[in-house]
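If you want the building blocks of each chain, they are given just below.
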Amino acid sequence: MAHIDEHPAGSALVAVIGLGTMGAGIAEVFARSGYRVRGIENDAAALERGRSLLQKSTARAVARGKLEAEGQQQLLGRIDLGTDLSAVADCSLVVEAVSERLDLKTALFAELDRLAPPEALLATNTSSLSITAIAAATARPERVIGVHFFNPAPVQTLVEVIRTVSTSDDTVERTYAILRTIQKTPIGCGDRAGFVVNALLIAYLNRAVRLYQDGFASREEIDQSMVDLAGYPMGPLALLDLIGLDVAHAVLVRMYDETRDRLHAPAPLLTQLVTAGRLGRKSGRGFYGYSGTDVTDEPGPVKPPPASRAAELPDTLVMGYLNDACAMVQSNYATPDDIDTGMVQGCRMPAPFDVLAQYGPATVLAGQRQLFAETAEPGHRPALLLERLAAADDPQAALAALRTRS
Ligand SMILES: NC(=O)c1ccc[n+]([C@@H]2O[C@H](COP(=O)([O-])OP(=O)(O)OC[C@H]3O[C@@H](n4cnc5c(N)ncnc54)[C@H](O)[C@@H]3O)[C@@H](O)[C@H]2O)c1
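All values reported here derive from a predicted model rather than from experimental measurement.

Visitor: Would you explain the side chain of His249 in this entry?
Guide: Looking at the secondary structure, you find His249 in helix α10 (residues 245-259). Judged by relative accessible area, His249 falls into the buried class, the value being 16%. At 3.1 Å, the side chain of His249 forms a polar contact with the side chain of Thr271. With residues up to four places along the chain from it excluded, the contact list for His249 reads Pro266, Leu270, Thr271 and Val274.

Here it is, written out as C-alpha cells:
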C-alpha cells in the first residue's frame, strides 16, 4: 500500500471513504478485482488502523488458500491510502463507509459533490440512515445511491442496492454493472428503514421476543423449533444474542419511526434487556448466558411459561415472516426473486417464496388470519397479495407466475 501522492493522477477509479470494519473490506473487494482504490481516512492514526485491517484480512485469505502471497501484494499495491479528500477528484465511483451519523454523512457528501468529477457516482454503505437525506446534501442526487455490503465484505456476496426517489436509472444500471465486476450479487429496493434483509429479519426476531416475553413458549422451544422444524441456521433468540440486542433495537427504533407499525416497536423485553446492559454474547448475557463462546445453563430473563403453545411453532413465526415478504412485493418495494436472494445470501435462511410455495398460499393465509384475529394487531393483517394468491383458481400457478415476472 502506498501513499496516494505516489501514484499519478488518473490511475484511481474507486475511492472508499472510511477504512473501518466495512470500508477496509470494501476497499479489499475492489482491489481484489483489479480496481485501483483510494482509501481515505480521517487522520493518520485511523489510516494506520485501516492499513492494519487490510493487511490482516488479506493475510487471512492467504492462510485459507483463497489468495496467493503474490496476489496479496498485488492487491495491496492497488490500494493507495491518504487523508486528503481531494483524492476523489479523478474517481468515477466513491463508496462512503464512515461512522453511522447523518450529520457526518451529509457534510461529507456535500464535500464529495464539490470534489468528485460531475459524472462520478456517490454511494453510501449506510445501514439505517435515510439515503434520500444524504443525497439531498448534494447537487447531484440522481447520482447518489445506497450500496449496502454485508460484513465481512470480502466474504459476503450480497449487496443491497438502494435507490431513492431521485436516483436515476442510469445510476442504478451502472451500480449493478460495477458490483457484478467485483463478483457481488446485487438486489434492489427503495429507501425504507432496514432495506430488504434487515426489515424482514429484525421484524421476525422482534416477534420471537414478543412470543417469549408473553409466555407463548420457552426460549429453547422457540429456538429449537426454528432450527429443527423450519430449517433456519439459528434460533431467533440465540441469533439476537449474536447480532447484539442493542444493534437490533436500534434498527427497530428506526423502522418504527418510519412505519408506525406497532410490530416494529421494540418488544418491551428487548428494551429492558438493552437497558439492563444484557446485550447478548458481547456482554456475556442476553437471552442466554455465555462463558466465552459457550452457552451456560443460566436461566433466561423470563419465567418458564405455565402453558406452552410450542406445538404452534414454527408456523406462528414463519407465517408472519411470509406475510411481511408478501407485503413487500405488494407495495412494489422489492421482487420475490430479490427477497429470496437477500434472505438466503444475507441470512442463510430458507427463501421465503420457496417456503410460501411449500405451505401453499391458502395455508399461509389461514394461519395469518388466525394470528390477526387473535392479536388484532394491524401489522398482522394478511397482505392483499397473499389474499389474492390464495383466492386464485390455482394458487400455486399464480405464485409461480408472480415469481417468473420478477
Ligand atoms: N459493521 C457492520 O456490520 C456494517 C454492515 C453494513 C453496513 N455498515 C455501515 O457501514 C458504515 C461503517 O460502519 P463500520 O462498522 O465500518 O464502522 P467503523 O466504526 O468500523 O468505521 C468507520 C470509519 O470511518 C472513519 N471516519 C469517520 N469519519 C470520517 C470522515 N469524515 N472521513 C473519513 N473517514 C471517517 C472512522 O475513522 C472509522 O475508521 C456505517 O454507515 C454502518 O452503518 C456496517
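Continuing now.
Visitor: Looking at this structure, how should I read the packing of α10 against helix α11 (residues 268-275)?
Guide: Where α10 meets α11, the axes come as close as 9 Å, and the angle between the chain directions of the two elements is 130°. On the basis of the axis angle, α10 is oblique to α11. Here α10 and α11 pass one another in a crossing that is left-handed. Residue-level inspection shows Leu245, Asp246, His249 and Leu252 of α10 in contact with α11, the latter providing Leu270, Thr271, Leu273 and Val274. Of the residues contributing to the contact of α10 with α11, the split by class is five nonpolar, two polar and one charged.

Visitor: Even after reading the chapter, I still don't get the pattern of salt bridges, so can you show me in this structure?
Guide: Pairing is possible between side chains that carry opposite charge, provided their charged atoms lie close to one another. Applying the stated criterion across every chain, the model contains 24 salt bridges. Across the salt bridge formed by Asp103 and Arg101, the nearest N and O atoms sit 3.0 Å from each other. Put simply, Arg254 and Glu258 hold a salt bridge, and the shortest N to O gap is 3.4 Å. Taken together, the positions of Arg254 and Glu258, both in helix α10 and four residues apart, correspond to about one turn of that helix. The structure contains a network of salt bridges with shared partners spanning Glu96, Glu100 and Lys105.

Here is what the cut-offs are and how they apply
Residues numbered from 1 in each chain as written. Predicted model: local features only at pLDDT ≥ 70, side-chain atom pairs only at ≥ 80, totals over all residues. Heavy atoms only, no water. Helix = DSSP H or I, 4+ residues; strand = E, 2+ residues; numbered from the N terminus. Buried < 20%, exposed > 50% of the residue type's maximum accessible area, 1.4 Å probe, protein only. Polar contact = N/O pair within 3.5 Å; in protein donor to acceptor, adjacent residues only side chain to side chain. Contact = heavy atoms within 4.5 Å. Axes fitted to C-alpha atoms, helices over the stretch in contact; angles between N-to-C directions. Parallel < 35°, antiparallel > 145°, perpendicular 65-115°, else oblique. Left-handed = near helix turned anticlockwise from the far one by under 90°. Nonpolar A, V, L, I, M, F, W, Y, C, P; charged D, E, K, R; others polar. Salt bridge = Lys/Arg side-chain N within 4 Å of Asp/Glu carboxyl O.

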